[in-house]
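# Examining the three-dimensional arrangement
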Amino acid sequence: MQERLKQILEESKEQLKNAVSLQDAEDVRVKVLGKKGQLTEILRGMGKLTPEERKELGQAANQVRAEIEAHLEETFAHLKEKAQQAKFEAEKIDVTEPGRGFEMGNKHPITVTIEEMSKVFKSMGYSLVEGPEVETVFNNFDALNAGPDHPARDWTDTFYISDDVLLRTQTSCVQVRTLQNQQPPIRVFAPGRCFRCDTPDATHSPMFHQVEGLVVDEGITMADLKGALDRFAKQLFGPETRTKFRPHHFPFTEPSAEMDVSCFKCGGKGCRVCKGSGWIEILGCGMVHPNVLKVGGIDTEKYTGFAFGIGVERVAMLKYGIDDIRLMYENDMRFINQFK
Ligand code: DAH
């Protein structure tokens, strides 16, 4: 028995010396001192011995146990320390390393242009409204007085999602939503994305932006339209800017017009930007057609209104001298960084 105890002690010492992890040390503890451990077994078997033998073996076993426990404690402490060191080593940071510079982004020219327009409209007392990009065919066409045979409804121009749902082709549908939800006096602007099945080229993109405007109140006339849009143009392009209205046709306005501004590049003398004419067309507008007001439940005997729709890409391209609309959607930082 004494021999066996010695053997257990030596073995344990050897194993603890070789232990590289806390688990190794724990394995030794369980193997020797655990419930079914080698030493525990010996102590348990002592019942069969004479009192004399029991005393002797008990003392020896206790001594071995104490020795092994001391070794265990030492090994655990050592290994814990080692694990801690390894952890510190792995988590070490070099506080002298120079920081990595990060690049500041900047706003896209479309965003900048919409923000500039929004600022002007807000200063003129307009509130911002928004509508969904996925619209009903009714709001995008029927409610805007574009009858079933209107050419814009043709599937070649419009992304239809179903017979009744489409990607809006214009922000004018926000007029319909506004008329249905608000009572006059109404004075709103609505920036947003529009979609048309166009093959991309220098001036066409299947996704583009418009800013819509709508004013409805008692006694609104074409003079209010001209005054408001002239003021808008002067605020956006500078006080020297002049405006000119040309007759046009839109199904949702009557009468309808397009507005030109004097070229902000050459001041009207004629240059490359205005193609020598001195004028640049920037928006469509008109007096809201009574049929549109009626869809919104507005009393057309009492109220009149005007509306307008501005092409954001067109204004941004002219303003910043961008000659290909596709550049706006390529996310090339060399392009975007020019608009800081
Ligand atoms: N929705 C028209 C378009 O996409 C632009 C437009 C013209 C909007 C006249 C208007 C308007 O509100 O009165 O071409």
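Up top you'll find the structure we're talking about.
Residues numbered from 1 in each chain as written. Predicted model: local features only at pLDDT ≥ 70, side-chain atom pairs only at ≥ 80, totals over all residues. Heavy atoms only, no water.

### Examining the packing of aromatic side chains
What the rule picks out here adds up to ten aromatic pairs. Summarising the aromatic geometry, the rings of Tyr-126 and Phe-308 are spaced 6.4 Å apart at their centres and angled 65° between planes, so their arrangement reads as edge-to-face. Of this pair, Tyr-126 sits in the loop between helix H5 (109-123) and strand E1 (127-128) while Phe-308 is found in strand E9 (residues 303-311), placing the two residues 182 residues apart along the sequence. Just as Tyr-126 is buried, Phe-308 falls in that class too. An aromatic cluster is present here, built from Phe-121, Tyr-126, Phe-189, Phe-232, Phe-306 and Phe-308 joined pairwise through their rings. (Phe/Tyr/Trp six-rings, centres within 6.5 Å; stacked < 30°, edge-to-face > 60°. Helix = DSSP H or I, 4+ residues; strand = E, 2+ residues; numbered from the N terminus. Buried < 20%, exposed > 50% of the residue type's maximum accessible area, 1.4 Å probe, protein only.)

### Topic: the sheet that holds strand E7 (residues 253-262)
Reading across from one edge, E1-E4-E5-E9-E8-E7-E6 is the order of the seven strands in this open sheet, with mixed pairing throughout. The open sheet terminates on both sides in strands that have one partner only, identified here as E1 and strand E6 (243-250). Looking at chain direction, E7 and strand E8 (residues 279-288) are connected through eight bridges and run antiparallel. Its bridge partner lying in E8, Ala-257 is registered against Cys-285. Strand contacts of helix H7 (residues 173-181): strand E4 (186-195), strand E5 (207-218), E8 and E9, with the helix running at about 35° to E5, the strand carrying the most contacts. (Pairing = 2+ DSSP bridges. Contact = heavy atoms within 4.5 Å. Axes fitted to C-alpha atoms, helices over the stretch in contact; angles between N-to-C directions.)

### Examining the packing of H5 against helix H10 (residues 312-320)
At a minimum axis separation of 9 Å, H5 and H10 run at an interaxial angle of 105°. The orientation of H5 relative to H10 falls into the category roughly perpendicular. From H5, Pro-109, Ile-110, Val-112, Thr-113, Ile-114, Glu-116 and Met-117 reach across to H10, where they touch Val-312, Glu-313, Val-315, Ala-316, Lys-319 and Tyr-320. For the contact of H5 with H10, the residue count by class is nine nonpolar, one polar and three charged. (Parallel < 35°, antiparallel > 145°, perpendicular 65-115°, else oblique. Nonpolar A, V, L, I, M, F, W, Y, C, P; charged D, E, K, R; others polar.)

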